[in-house]
Structure formats: structure tokens, C-alpha cells
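Here is how the chains run, residue by residue.
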Protein chains: 4
Amino acid sequence: MDNMYDNPVNVGFKIPEKVSLKAKQERTIVKIAEVEAGGSDIIIIAGPCAVESSEQLFETARAVKSGGAKILRGGAFKPRTSPYSFQGLGEEGLKLLAQIRKETGIPVVTEVMDTRQVELVASYADMIQIGSRNMQNYPLLKEAGRCKKPVLLKRGMMATIEEFLLAAEYVLSQGNDQVILCERGIRTFETSTRNTLDLSAVPMLKHLTHLPVIVDPSHGTGLRWMVPAMSKAAVAVGADGLIIEVHNHPEKALCDGHQSLSLDEFSQLMTDLKKIAQATGRYIS
Amino acid sequence: MDNMYDNPVNVGFKIPEKVSLKAKQERTIVKIAEVEAGGSDIIIIAGPCAVESSEQLFETARAVKSGGAKILRGGAFKPRTSPYSFQGLGEEGLKLLAQIRKETGIPVVTEVMDTRQVELVASYADMIQIGSRNMQNYPLLKEAGRCKKPVLLKRGMMATIEEFLLAAEYVLSQGNDQVILCERGIRTFETSTRNTLDLSAVPMLKHLTHLPVIVDPSHGTGLRWMVPAMSKAAVAVGADGLIIEVHNHPEKALCDGHQSLSLDEFSQLMTDLKKIAQATGRYIS
Amino acid sequence: MDNMYDNPVNVGFKIPEKVSLKAKQERTIVKIAEVEAGGSDIIIIAGPCAVESSEQLFETARAVKSGGAKILRGGAFKPRTSPYSFQGLGEEGLKLLAQIRKETGIPVVTEVMDTRQVELVASYADMIQIGSRNMQNYPLLKEAGRCKKPVLLKRGMMATIEEFLLAAEYVLSQGNDQVILCERGIRTFETSTRNTLDLSAVPMLKHLTHLPVIVDPSHGTGLRWMVPAMSKAAVAVGADGLIIEVHNHPEKALCDGHQSLSLDEFSQLMTDLKKIAQATGRYIS
Amino acid sequence: MDNMYDNPVNVGFKIPEKVSLKAKQERTIVKIAEVEAGGSDIIIIAGPCAVESSEQLFETARAVKSGGAKILRGGAFKPRTSPYSFQGLGEEGLKLLAQIRKETGIPVVTEVMDTRQVELVASYADMIQIGSRNMQNYPLLKEAGRCKKPVLLKRGMMATIEEFLLAAEYVLSQGNDQVILCERGIRTFETSTRNTLDLSAVPMLKHLTHLPVIVDPSHGTGLRWMVPAMSKAAVAVGADGLIIEVHNHPEKALCDGHQSLSLDEFSQLMTDLKKIAQATGRYIS
């Protein structure tokens with residue numbers, strides 16, 4: 001696949017200095033505990049939208065780990081469009097994540113929304129996530145750049161590739177180059193899917209930057225039945241990983257149940273993804 | 001103009017409770033020091049993108065006040081797309097704003113980006129602004145809802161009307177109903193203007209909510225020469241106010257000079273706007 | 001308002017030769033029978049979405065003419081999204097238009113969709129319309145350029161300003177410079193209005209081209225109650241005219257009834273528009 | 001992959017009758033000469049943007065056929081944004097296509113833009129194409145529905161899935177069910193790619209309709225170096241085929257050279273695609 005990165009491309013903007021593949025020609029490997037993202041292995045991150053209970057988290061964590069997921073996701077602080085929706089368990093959720101990690105050995109990633117909580121979240125999580133709505137929350141990006149944990153940075157639903165790279169540059173400019181970029185769907189005129197998953201962002205970002213690039217097909221489509229097809233496409237297009245919403249009981253989920261895979265669906269998907277990865281010369285181990 | 005608000009409209013979503021015009025049928029008047037927004041007077045807010053110096057701020061403040069502006073704008077903390085752009089003077093800028101208010105008597109509005117600074121900014125400003133990029137920064141909205149100052153909430157550049165109302169609802173849900181909504185242009189496929197100023201948002205928002213609605217033609221167009229035409233349209237469409245970037249030397253501005261009016265252009269515009277206001281049965285005093 | 005056209009603007013593309021205001025510095029006056037568009041008078045075009053019957057057309061035509069409309073609109077060939085929707089009366093509708101013109105003296109504009117019908121439609125109409133969906137139907141544009149009637153060219157709902165000008169250039173390149181440009185709303189992510197009426201297109205187009213520019217607030221909003229507010233804004237922003245859907249019985253209309261004004265609403269609107277026009281130094285006679 | 005089509009989905013609109021998978025539960029096989037689209041074979045269509053010369057077409061046709069392409073593409077009537085760009089060779093181009101088919105045995109597809117030329121184009125081509133800009137050219141869709149040749153219908157660059165299906169319904173409503181749907185990129189705010197290739201349209205369309213669905217990665221990205229990655233993704237997501245621009249000398253092409261593969265690049269891509277197809281249980285023979 002090397003040839004596609006050799007060709008010049010005029011993208012109409014200046015690539016920010018620290019994220020640029022020209023400045024640092026070796027690809028960055030981001031280390032989340034023992035897991036390495038950005039190498040030949042494709043990393044699967046899976047878990048529920050929100051941490052709801054010890055039982056939910058434990059059951060889901062064990063299943064996704066046994067299916068081949070390398071990292072557990074789960075939200076403790078949830079950015080909800082309505083002030084009246086479930087806002088997450090907060091620090092209680094962080095504690096549940098840490099407990100499940102201890103019991104199962106799987107590293108965890110969780111979102112941080114408030115500059116005042118970066119230290120707290122980083123003390124529990126193996127990787128902190130900055131969500132789509134906060135991609136241009138510059139004080140938060142700077143705090144993330146000062147903490148010692150890797151950062152999963154999601155593309156804003158309204159952000160151009162240029163703005164996405166500049167957001168990552170904010171983190172790197174503070175001394176933290178352990179950043180994973182995540183395409184999660186952009187907002188377009190089309191309404192049959194929740195967002196429009198822009199898979200061309202993957203080769204574009206890998207063309208321009210040395211950072212690993214992963215894909216979130218759950219928010220990208222908003223449709224459980226479409227997650228498998230888009231996951232396969234994401235692996236084929238060259239993504240370094242996926243982040244997938246999985247729930248032990250999607251129909252009872254407190255948020256995003258309609259886009260969460262069941263444990264069985266996730267297991268089947270992993271089998272299919274391994275074949276695609278192999279066909280592109282990569283691995284899901 | 002009343003008749004246009006009487007008709008039913010199916011907007012395809014549920015209007016949030018506290019912002020809804022159904023729940024509170026009397027229009028909210030937002031008081032910024034002695035200035036009242038949301039009544040028959042159309043309120044003009046003007047000033048530089050960023051506070052740069054005492055001289056710049058003082059000269060601009062005097063001129064816009066004498067032209068008829070009721071509130072001075074000026075950024076101390078600037079949300080810049082690139083980490084390498086001028087980030088604002090910070091607290092120093094807040095102090096300059098407070099000093100100019102003291103000297104000229106004009107109330108000031110300035111942006112806050114970080115939950116840790118809401119108290120600080122509110123202690124200097126007469127109204128705090130939450131910018132487009134932070135429209136879905138929920139912790140920030142909640143802090144704004146807990147402070148005792150009016151809030152100028154700008155629409156996210158890719159936020160639907162529903163999301164905009166829900167963002168305002170976050171502020172009101174914390175007990176602060178002194179919120180002004182600001183349309184400032186949305187992101188579309190069109191690139192000849194910086195954003196697409198969605199003037200239909202004004203009648204739509206006034207149809208659905210009791211909050212005052214103002215328009216930012218400077219960010220909405222990104223083109224100095226187009227600001228007058230869009231300002232006139234905003235007044236004609238029924239806006240309760242405008243927020244306009246004005247600089248004593250636009251060609252030397254540290255940010256957004258290309259969309260800032262000169263002092264003379266602002267003065268001329270005010271003369272034109274008064275005629276339009278009058279033709280619609282309102283006033284710019 | 002002249003000063004706003006004097007300033008340079010870098011719009012990022014080359015203005016096509018024949019439509020450019022640089023090439024022909026005098027503004028084009030388009031003559032539709034005795035009516036002149038592009039001068040100091042603001043021209044109102046009004047009428048039903050589709051021609052339905054002699055009675056409907058006659059009653060509406062008389063009312064809009066008496067309210068001050070200068071041109072009657074009405075579709076005989078209708079571009080409907082579904083093949084199962086009412087497709088228009090065809091040539092029968094053209095005959096009704098010609099008959100009403102004869103009886104009332106008001107010139108008529110109607111849409112043509114098929115290259116094979118340009119000659120037919122032009123033989124009945126005083127101005128032919130090329131609709132939004134056909135803005136890049138190049139054979140149709142060329143045929144329109146070869147006919148001897150003025151052309152009302154609507155902006156495609158997905159067309160940039162550059163593409164819109166290039167579409168007009170197709171008509172002019174065939175020797176017909178009697179072209180009126182019409183902004184009618186673009187497609188964005190916002191769904192509370194049918195389209196997003198891009199009023200900034202008016203000053204932009206007038207800045208770049210010598211052709212008259214009008215606005216269609218009916219398709220631009222899709223909401224009857226919002227048409228008055230956006231019509232006022234269109235006049236204030238500098239449009240050379242409006243095209244408004246009006247129906248003698250909107251609730252019984254075969255298409256677009258939800259966005260059509262009643263005869264009374266139209267009459268009231270005209271009164272309001274005249275005040276705005278006067279406040280900007282123009283006239284609705 | 002069957003399971004992903006079994007689940008219900010609420011897409012928010014009514015599926016048109018004749019294209020609906022509910023109405024006709026067996027997938028339609030479209031026959032282009034001897035080639036079958038919509039079965040287990042993935043069909044590759046390749047060739048230049050425009051027919052330029054006998055030599056260009058012959059050299060390209062032989063190469064793509066030997067690489068595994070089943071159908072040759074090439075434009076004789078070109079829909080160009082500017083009236084001053086090369087508009088295609090017209091009927092001369094059709095004759096060259098027919099001649100190359102005779103010499104090489106490969107079926108050909110070419111675009112028709114004008115209702116007056118449907119019969120002519122259909123007399124030369126094995127499949128007629130209706131391009132993105134004409135997706136809502138209803139008279140053209142009806143003529144295509146009355147001709148006896150299969151129709152390749154490209155999605156409008158700003159067409160929703162609903163509108164795309166309704167456009168296909170226009171063709172089927174006239175008695176022609178030999179329609180292939182083609183996703184070719186939609187217009188969004190992102191500008192680093194020419195369009196945003198919406199690969200989620202593939203599973204969505206296959207979920208809703210019985211028609212074959214193919215992908216155009218050349219127009220979808222506008223970037224030669226990105227075509228291979230997006231082609232692989234399109235195969236992985238479940239497309240029934242691809243249409244790819246290939247030129248014997250891309251650097252000399254009269255149009256779209258920047259997005260055309262060289263003969264060698266195409267050959268290499270075919271090797272890679274066969275592996276992906278196999279990994280998903282399908283074939284490129």
C-alpha cells in the first residue's frame with residue numbers, strides 16, 4: 001500500500017508542523033498500556049457507550065476481549081445533546097472501569113469533557129478520549145497535551161481535515177505525541193444514516209500525518225446492522241483500528257443501543273474482519 | 001410582524017421545555033447592565049475581534065458608542081484554529097475591557113472558553129459569550145448557567161436549530177434565563193463566503209423560543225464589504241440585535257481584519273440600519 | 001449601496017467572461033414584455049406553484065397584479081421528485097397561461113425541463129424558467145441560450161456560486177444575455193426549513209456579475225409563515241426582485257400549498273415590502 | 001452478509017414501490033451484453049473519462065480488459081461545468097466506442113445528457129449512463145425508462161438516498177428494470193477530496209432495493225493516489241461493482257487526468273481487489 005503515500009497531493013492547506021509526515025517520516029506507534037497502535041496489527045477497541053453497572057461492564061469486557069478486542073471503551077462522563085438525558089456515572093464509572101481492567105487485564109479508554117477533570121480521568125484510564133463535540137475545545141486539548149496518557153482524538157462532526165490536524169497539533173504542541181486520530185462520521189445533508197462516515201479521511205490522514213488513524217463505525221452510521229459492512233470497509237481502506245460500540249444487552253442500553261452490537265454480532269464480525277485484514281497484508285491478532 | 005409567530009409549524013423535533021415560547025409566552029428581556037435586549041429596540045454590539053491594546057480598544061469603543069452601539073465586544077481569550085496563532089491577551093485583556101467600560105460607560109461582552117475561567121471572566125464582563133466551537137461544551141454551558149451574568153450563546157457552525165435550543169436549555173436548566181441566541185453562519189458546501197449566514201434561523205428561533213435572537217454578519221460572511229448588506233437583511237428579518245466586528249485599523253488587526261469594519265464604515269452602516277429598523281416598526285436608538 | 005461593490009474580493013475562482021461585471025460594467029436590464037428587471041424598481045413575480053385550472057389561475061393572477069406583482073408565475077411542466085406526483089397540465093397549462101395574460105395583461109414565466117420543449121414553451125411564455133434541478137442540464141441551457149426569450153435561471157440546490165455563474169455563462173455563450181439569476185435556497189444539514197436561503201448570494205452575485213438577481217423565499221424556506229420575514233430580508237439585502245408562491249386556496253393546492261401565501265397574506269406583504277424598499281432607496285411600484 | 005439485510009431499519013421515508021426490496025425480494029441481475037451485474041461476481045467497469053481518439057481508446061480498452069475489466073467506459077457527450085471546456089467528440093465518439101467493442105469484444109457504457117439523443121446513444125452503447133448532474137432530469141429518466149438498454153444511474157452529488165431511489169423509480173415506472181445504481185461521492189463541507197465518497201450508501205441501498213449497486217472511486221475522491229484504497233473499501237463494503245477512470249496517458253488526458261489510473265496502476269489494483277473480494281466470499285473473475 002506504500003505507493004499511495006508516495007504521490008504528492010495538493011490539499012490546499014499547510015500541514016501543521018508537528019503532526020506532518022514530512023517532518024517526522026517514521027510512523028508514530030501509540031502505546032496504550034501494552035497495546036501498540038499504528039503498526040501492522042489492527043487494534044479493535046470495543047465496549048458500551050456508557051458505563052452503566054459492574055455487571056454490564058464485566059460481561060461486555062470479557063466477551064469483547066475473548067473476541068479479540070485489545071482495549072475496552074466505556075463512557076463515565078457523557079456529552080449528551082439534551083440536559084435531561086443520562087449524563088453518565090461520573091467518577092463512579094471511572095472506578096468501575098479501573099476495577100474491570102484489574103480483573104480482566106484489558107486497558108481502558110474513556111472520555112474527558114472538562115479541563116478540571118483531565119487529571120482525574122487520566123489517573124484511571126489508559127487512554128483519554130476527546131470527543132467530537134470538543135475537538136475544538138482548545139483549553140481541553142492543551143490539558144490533554146500536558147498529561148502523560150495517550151489521547152484518542154475524534155474528528156468533529158463539522159471539522160475539515162485541516163481543522164482536525166490543527167486540533168491534534170494543539171496536543172502535540174504541549175509535548176504529547178501519543179495521539180490517535182479517529183474518523184467518526186461527518187454531518188452532511190444525508191439523513192438515512194446518523195452521520196456520513198468519511199472513509200476517505202483514513203488514506204488522507206495517513207498521507208499527511210504520522211499518527212495512527214482509526215474508525216468509529218458505530219457513531220459513523222448510527223445503525224447496528226450497518227456496522228459490520230462499514231467495519232470491513234474501514235479495515236480494507238487501511239485503518240489502524242476500529243472503535244465499536246458493543247453491549248451485553250443493546251435493547252436495554254441507557255444510550256446508543258440502536259447502534260451497539262450484541263456480543264454475538266461482535267464475535268461474528270471479528271471473524272470476518274480477520275479475513276479482510278489478511279487480504280490487505282495486515283493482522284488482527 | 002406578530003402574525004408570523006401565530007401559525008403552527010412542525011419542525012420535526014420537541015422544543016426543549018425551558019426555552020420554549022409555549023412554556024413562557026412572554027418574551028424574555030435580557031439586561032446587560034442598563035441595556036435591554038429583546039424589546040422593541042434593536043441592540044448593536046460592536047468592537048474588535050481581539051483586545052490588542054488600551055489605545056486600540058479605547059479608540060474603537062468611543063467611536064462605536066458614538067455611532068450608536070450599546071455594547072462593546074472584544075476577545076481576551078481567543079479560540080484559534082491553530083495553536084500558533086495569537087491566543088489573546090488573557091486576563092490582561094479583561095482588565096483593559098473593564099478599564100474602557102469605566103472610562104466610557106459602555107458595557108462589555110467577552111468570550112469564555114474554559115470552565116475554570118467562568119468566574120474570572122464573569123467578574124470583569126457584563127455579559128459572557130460562549131463561542132461557536134463551544135456550543136456543545138456542556139460543562140461550560142452548565143457553569144454559564146450557574147453564574148449571575150447574561151450569556152451570549154453563539155450557534156455552532158454545524159449545529160441544527162434543535163441542538164442550538166438544547167444548548168441554551170443547558171444554561172436555563174441551571175437557573176439562568178438571561179440568554180441571547182446568536183446566529184453567526186453555518187458551514188455549508190459554499191466557499192465564496194466564510195460561512196453561510198442562515199437568516200431564516202432568526203424567524204425560526206423567535207417562533208420557537210422566548211429568548212432574544214441576534215446576528216453576527218462579520219463571522220457569517222467573513223467579508224468586510226458584505227457586512228453592511230447582511231446587517232440590513234438581519235434587521236429586516238426581525239433580529240433583536242447585531243454583533244459586528246469593528247476595528248480602528250482593520251488592516252493592522254491581529255485577527256479577523258478582513259471582516260472588520262473601519263470606524264467610518266460602521267458609522268455609515270448605523271445610519272442605514274436606522275432606516276431599515278424604522279421601516280419594520282422597530283428602533284435603533 | 002454602491003460602495004459595497006467597489007471593494008475587491010478574492011472568491012477563489014475565475015469569473016466567467018460573459019457574465020462578469022468586469023467585462024461589462026453596466027448592469028444588464030432584462031426586459032420581460034414591458035417589465036424591466038435590474039433597474040431601481042424591485043420586481044415581484046407571484047403566482048401558484050402549478051397551473052391547475054382557469055379559475056385558479058385567473059383569480060390568483062388578478063389578485064397578485066392588483067397587489068403590485070409585475071409578472072405571473074405558474075408551472076405547466078412540473079419537475080416532481082416522485083414519478084407518482086402530479087406532473088403538471090403540460091401544454092394545456094401553457095394555453096391557460098397565455099389566456100390569462102391576454103385577459104389581464106400580466107406577463108408570464110413558466111418552467112421548461114426538456115430540450116424538445118424549449119421552442120414550445122418560449123412560444124407561450126414571456127420568460128422561460130430553468131429550475132434548480134436542471135441548473136447543470138447543459139443541453140437545456142444551450143437551447144435556452146438560442147431562444148429569443150429572457151431566461152430565469154434558478155440556482156441548483158447543490159450549486160456553488162462559481163457553478164451558478166458557469167451555468168449562466170452557458171446561456172450567454174449562445175448569444176442570449178437576458179438572464180435573471182435566482183437564489184432559491186441551498187441544501188445544508190439544517191432540516192427545520194426546506195432549504196437554507198443563502199441571502200449572501202445576492203450581494204455576492206451582484207458583486208461579480210452584471211445580471212439581475214432575485215430571490216425565491218417560498219422554496220427557500222418551505223414555510224408559508226416564514227415567507228414574509230425572508231422576503232423583507234431579501235429586499236433589504238439588495239435583491240432586484242422576488243418570486244413568491246401565491247395561491248387562491250393554498251390548502252387545496254396540488255403542490256407546495258404549505259409554502260404558498262394566500263391572496264390576503266400576499267397583499268399585506270406587498271405593503272410591508274414597499275416600506276423596506278424605500279428605506280434602501282429603491283421602489284416597488 | 002445476509003444477516004445485515006434482515007434487520008428492519010427506519011429510514012424516515014417511504015421506499016418507492018418498484019425499486020423496493022420488499023416488493024421484489026429477488027435481487028435483479030442487470031445484463032449488459034453477456035455481462036451480469038448483481039450476482040456473486042463483482043463487475044469492474046474501466047476506461048477513460050472521455051473518448052479522445054481511436055488509439056487512446058483501443059490501447060486503454062485492451063489493457064483494462066486484460067486486467068479483468070468487464071465493461072469499457074468512455075464519454076462521447078461530456079457534461080462540463082464550463083461551456084469553454086472540451087465537450088466530447090459527440091457521435092464520432094460513439095462510433096469509436098462501437099468500433100472498439102467490435103475489435104475487442106468488450107461491452108461499452110457511455111453517458112447521455114439530452115432526451116433527443118437517448119435513441120442515438122442507445123443504438124451504439126450496451127448500457128447508457130445518466131450522470132450525477134442529470135439525476136433529477138425527469139424527462140431524461142423517462143426516456144431512459146422507455147429504451148431497451150440497461151441504465152447506469154449515478155447518484156446526484158447532493159441527492160439523498162430517498163431522491164436517488166425516486167430517480168430510479170422514474171426509470172422503472174416506464175417499464176425498464178435494468179438499472180444499476182452508482183454511488184459517486186456527495187458534496188459536503190470537506191474540500192481535501194473532490195467529493196465525499198459515501199460508502200454507507202452501498203449497504204443502505206442494498207438494504208432497501210433489489211437493484212445492483214456499484215461505486216465510482218474516481219469521481220468520489222478526485223485523487224488518483226486515493227482510488228486504490230477506496231476501491232478496496234468499496235469491495236469490502238459489499239458493492240456489486242466499480243467504475244474506474246483509467247487512461248493510457250493520464251498526464252495527457254483531456255479531462256479528469258488527475259483522477260485517472262495509469263494502465264499499470266489499474267493492473268496492480270485488480271490484483272489487490274481480487275484478494276479482498278475473496279475475503280468477503282465474492283469474486284472478480
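This one's a predicted model, so the numbers in the text were calculated from it and none came from an experiment. (Residues numbered from 1 in each chain as written. Chains lettered and ligands numbered in written order. Predicted model: local features only at pLDDT ≥ 70, side-chain atom pairs only at ≥ 80, totals over all residues.)

(A) Structural view of the overall build of chain A. Helices and strands together make up the secondary structure of chain A, namely 10 helices and 10 strands. Relative to the compact-globule value of 19 Å for 285 residues, chain A shows a C-alpha radius of gyration of 17 Å, a close match. Each principal axis of the C-alpha distribution contributes one length, and for chain A these read about 50 × 45 × 40 Å. Relative to its full complement of 285 residues, chain A shows a buried share of 64%. Long-range contacts, defined as pairs at least 24 residues apart, comprise 68% of the intrachain contacts of chain A with a sequence gap of at least 6. (Helix = DSSP H or I, 4+ residues; strand = E, 2+ residues; numbered from the N terminus. Rg over C-alpha atoms; globule rule 2.2 N^0.38 Å. Buried ≥ 20, exposed ≤ 12 C-beta atoms within 10 Å, placed from the backbone. Contact = placed C-beta atoms within 7 Å.)

(B) Inspection of the sheet that holds strand 5 (residues 108–111) of chain C at higher detail. Residue and element names in this part refer to chain C. If you walk around this closed barrel you meet the 8 strands as 3-4-5-6-7-8-9-10, and the pairing is parallel. Across the sheet, the axes of successive neighbouring strands diverge by a mean angle of 25°, strand direction being ignored. Lying over the sheet, helix 2 (residues 54–67) contacts strand 3 (43–47) and strand 4 (71–73), oriented at roughly 160° with respect to strand 3. (Pairing = 2+ DSSP bridges. Axes fitted to C-alpha atoms, helices over the stretch in contact; angles between N-to-C directions.)

(C) Seen up close, the interface of chain C and chain D. Across the contact, 22 residues belong to chain C and 22 residues belong to chain D. Breaking the side of chain C that touches chain D down by element, the ones donating at least two residues are helix 5 (138–146) and helix 6 (161–172) of chain C. Looking at the side of chain C that touches chain D element by element, the count peaks at 4 residues for helix 6 of chain C. The residue inventory of the side of chain C that touches chain D, partitioned by class, reads 9 nonpolar, 7 polar and 6 charged. (Nonpolar A, V, L, I, M, F, W, Y, C, P; charged D, E, K, R; others polar.)

(D) Just helix 5 of chain C, in detail. Summarising burial for helix 5 of chain C: 7 of the 9 residues are buried, a large majority. Taken together, the buried positions of helix 5 of chain C are Tyr138(C), Pro139(C), Leu140(C), Leu141(C), Glu143(C), Ala144(C) and Gly145(C).

(E) Seen up close, the interface of chain B and chain C. Listed by partner, the interface residues are 40 residues for chain B and 40 residues for chain C. It is helix 9 (residues 227–237) of chain B that contributes the most residues to the side of chain B that touches chain C, 8 residues altogether. Tallied by class, residues from the side of chain B that touches chain C come to 23 nonpolar, 13 polar and 4 charged.

(F) Summary view of the relation of the copies chain B and chain C. Placing chain B over chain C gives an RMSD of 0.0 Å and needs a rotation angle of 180°, together with 0.0 Å of translation along the axis. Both copies are brought into coincidence by an operation consistent with a two-fold rotation axis. Considering only C-alpha atoms, the part of chain B nearest the rotation axis is Ala233(B), at 2.1 Å. Most of the interface of chain B is mirrored in chain C, where 100% of its interface residues again form contacts. (Least-squares fit on C-alpha atoms with pLDDT ≥ 70 in both.)

(G) Geometry of the relation of the copies chain C and chain D. Rotating chain C by 180° about the axis while translating it 0.0 Å along that axis superimposes it on chain D, leaving an RMSD of 0.0 Å. Comparing interface residues between copies, 100% of those in chain C also lie at the interface in chain D; the contact surface is shared.

(H) Structural detail: the pairing of strand 8 (residues 179–183) of chain B. Residues and elements named next belong to chain B. Within strand 8, 5 of the 5 residues are buried, leaving the element largely enclosed by the surrounding structure. Side chains Val179, Leu181 and Glu183 project from strand 8 onto one buried face, and the interleaved Ile180 and Cys182 project onto a second face that is buried too. Where strand 7 (residues 151–154) lies against strand 8, 4 bridges are found, and the strand directions are parallel. By the bridge assignment for strand 8, Leu152 is matched with Ile180. Read from strand 7 through helix 6 (residues 161–172) to strand 8, the crossover connection turns out right-handed. When strand 8 meets strand 9 (residues 213–215), the two strands line up parallel, connected through 3 bridges. Counterpart to Leu181 in the pairing with strand 9 is Val213. Read from strand 8 through helix 7 (residues 201–208) to strand 9, the crossover connection turns out right-handed. (Right-handed = clockwise from strand over helix to strand, strands pointing away.)

(I) Quick peek at the sheet that holds strand 8 (residues 179–183) of chain D. All names here are of chain D. Pairing within the closed barrel is parallel, and its 8 strands lie in the order 3-4-5-6-7-8-9-10. Within this sheet the neighbouring strands show an average axis-to-axis angle of 25°, counted without direction. Strand direction decides the pairing type here: strand 3 (residues 43–47) and strand 10 (residues 241–245), joined by 5 bridges, are parallel. From the neighbouring strand, Ile45 faces strand 10, where its bridge partner is Ile243. Relative to the sheet, helix 6 (residues 161–172) contacts strand 7 (151–154) and strand 8, its axis offset from that of strand 8 by approximately 160°.

(J) Inspection of the packing of helix 9 of chain B against helix 9 (residues 227–237) of chain C at higher detail. Across the interface, helix 9 of chain B lies against helix 9 of chain C with an axial gap of 7 Å and an inter-helix angle of 155°. Judged by the inter-axis angle, helix 9 of chain B sits roughly antiparallel to helix 9 of chain C. As for how helix 9 of chain B packs across helix 9 of chain C, the hand of that crossing is right-handed. Contacts between helix 9 of chain B and helix 9 of chain C involve Ala229(B), Met230(B), Lys232(B), Ala233(B), Val235(B), Ala236(B) and Val237(B) from the former and Ala229(C), Met230(C), Lys232(C), Ala233(C), Val235(C), Ala236(C) and Val237(C) from the latter. A per-class count over the contact of helix 9 of chain B with helix 9 of chain C returns 12 nonpolar, no polar and 2 charged. (Parallel < 35°, antiparallel > 145°, perpendicular 65-115°, else oblique. Left-handed = near helix turned anticlockwise from the far one by under 90°.)

(K) Here's a closer look at unusual backbone geometry. A positive phi angle is found at Ala33(B), which is not glycine, with a value near 50°. Here Ala33(B) is to be found in the loop between strand 1 (30–32) and strand 2 (35–37).

(L) Looking closely at the pairing of strand 3 (residues 43–47) of chain B. All names here are of chain B. For strand 3, a buried count of 5 out of 5 residues is recorded, marking the element as mostly surrounded by other parts of the structure. The sheet contact formed by strand 3 and strand 4 (residues 71–73) spans 2 bridges and is parallel. For Ala46, the partnering residue across the bridge sits in strand 4 and is Leu72. For the crossover from strand 3 across helix 2 (residues 54–67) to strand 4, the handedness is right-handed.

(M) Summary view of the packing of helix 9 of chain C against helix 10 (residues 263–279) of chain C. Residues and elements named next belong to chain C. It is at 9 Å that the axes of helix 9 and helix 10 come closest, and there the two elements cross at 25°. Accordingly, the angle class assigned to the pair helix 9 and helix 10 is roughly parallel. Here helix 9 and helix 10 pass one another in a crossing that is right-handed. Here Pro228, Ser231, Lys232, Val235 and Ala236 of helix 9 come into contact with helix 10, specifically with Leu269, Asp272, Leu273, Ile276 and Ala277.

(N) A look at the nonpolar core. With 407 residues, the main nonpolar core has Leu153(A), Leu153(B), Leu153(C) and Leu153(D) as its most contacted residues. If we ignore the near neighbours within four places in the chain, the residues touching Leu153(D) are Ile130(D), Met135(D), Ala167(D), Ala168(D), Val171(D), Val179(D), Ile180(D), Leu181(D) and Cys182(D). (Core = buried A, V, L, I, M, F, W, Y, C linked by C-beta atoms within 7 Å.)

(O) Spatial organisation of the environment of Asn248(A). Residue and element names in this part refer to chain A. Looking at where Asn248 falls in the secondary structure, it is placed in the loop between strand 10 (241–245) and helix 10 (263–279). A sequence separation of 183 residues divides Asn248 from Lys65, and the C-alpha atoms of the two residues are 13 Å apart. Apart from residues no more than four positions distant in its own chain, Asn248 is found in contact with Gln56, Glu59, Thr60, Ala63 and Leu263.

(P) Expanded view of helix 9 of chain B. Residues and elements named next belong to chain B. Burial of helix 9 is extensive: 11 of the 11 residues sit out of reach of the surface. Those residues of helix 9 lying buried are Val227, Pro228, Ala229, Met230, Ser231, Lys232, Ala233, Ala234, Val235, Ala236 and Val237. Of the residues trailing helix 9, Gly238 is marked for its positive phi of about 115°.

These results come straight from atomic positions and should not be treated as a statement about function.
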